[in-house]
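Structure assessment
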Amino acid sequence: MQPLNDTLKHQGQRNQLVALLKEKGIKDARVLEAIRAIPRHLYIDLGFEDYAYKDQALPIDEDQTISQPYTVAFQTELLQVQQGHKVLEIGTGSGYQSSVLLYLGVRLYSIERQYKLFKQTQLLLPKLINRRAHLYFGDGYKGLPQIAPFDRILVTAGAPYVPQDLLSQLAVGGRMVIPIGEGSQVMTLYERVSEKEFHKTDYGEFQFVPMLKEKN
């Protein structure tokens, strides 16, 4: 990670990024405001700073990535979070998506499987955003049953199938956004309409790093 400096140049680049996301179809003003406010360059290594506000995924430690800004905006818009929502995020990663959700005023619970990323983000997030995240090192496939149910669940890695444990932790009336597939993924929305019924909608192909396999 790099020193905590956010210049007028960076802010101008974020304005340009927001304009691009609007052109690509992102409409939620609150999501766009979050993208404009959050200094993405501080969540990546200094060597990639020149690419921080390009609309592309970038490498971070442990062979993971910080998602493309359009993907972050698309998932967040699809999630339809409101102030005070209890949100479970699977895959903390760099903490950038976490910060977008925190900016929108949610109560965030986030799980990361890579211990190095978990420790880095645990140190970084409090310096970058003045809202508390509840961070956990553990198995995203299992979720956090002791804290469920959640109003929203966001999965930020490509899942080969839909983990039933996550569906069961979604509150009635809640929304889960998850990319499903191997190689490329289909962005999928699950809406829980009753204790036993879910409504599923597909939103096209995206590319994610794979969600790590379950622990034995």
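Quick caveat, the model's predicted, so the values are computed rather than measured.

Definitions and cut-offs
- Residues numbered from 1 in each chain as written.
- Predicted model: local features only at pLDDT ≥ 70, side-chain atom pairs only at ≥ 80, totals over all residues.
- Heavy atoms only, no water.
- 1 Å grid on protein atoms, 1.4 Å probe; cavity = no way out; pocket = protein on both sides within 12 Å on 5 of 7 lines; lining within 4 Å.
- Points joined across faces, edges and corners; volume = space filled by probe spheres on them.
- Helix = DSSP H or I, 4+ residues; strand = E, 2+ residues; numbered from the N terminus.
- Nonpolar A, V, L, I, M, F, W, Y, C, P; charged D, E, K, R; others polar.
- Axes fitted to C-alpha atoms, helices over the stretch in contact; angles between N-to-C directions.
- Parallel < 35°, antiparallel > 145°, perpendicular 65-115°, else oblique.
- Left-handed = near helix turned anticlockwise from the far one by under 90°.
- Contact = heavy atoms within 4.5 Å.
- Buried < 20%, exposed > 50% of the residue type's maximum accessible area, 1.4 Å probe, protein only.

**Digging into empty space enclosed by the protein**
In this approach, a probe sized like a water molecule rolls over the atoms, and the result shows the empty space that is left. Applying the stated criterion to the full structure yields two cavities of 30 Å³ or more. In this structure, the largest cavity spans a volume of roughly 350 Å³. Taken together, 28 residues form the lining of the largest cavity, with G91, G93, E112, T156 and A157 sitting closest to its centre. Broken down by secondary-structure element, the contributors of at least two residues to the lining of the largest cavity are β2 (64-66), β3 (86-90), α4 (96-103) and β4 (107-112). If one sorts the elements of the lining of the largest cavity by residue count, β2 sits on top with three residues. Residues of the lining of the largest cavity, tallied by class, amount to 13 nonpolar, 12 polar and three charged.

**Focus on the packing of helix α3 (residues 69-79) against α4**
Two elements in contact, α3 and α4, have axes whose closest approach is 11 Å; the angle formed by their N-to-C orientations is 40°. Considered as vectors, α3 and α4 are oriented oblique to each other. Seen along the crossing, α3 lies across α4 with a hand that is right-handed. Taking contact as the criterion, the partners of V72, Q75, T76 and L79 in α3 are, on α4, Y96, Q97, V100 and L101. Looking at side-chain class alone, the contact of α3 with α4 contains five nonpolar, three polar and no charged residues.

**Details of the environment of D165**
Looking at the secondary structure, you find D165 in helix α6 (residues 164-168). On the basis of relative accessible area, D165 is assigned to the partly exposed category, the value being 33%. Put simply, D165 and E23 are 142 residues apart on the chain and 37 Å apart in space, counted from C-alpha to C-alpha. The contact partners of D165, leaving out residues within four places of it in the chain, are Y141 and K142.

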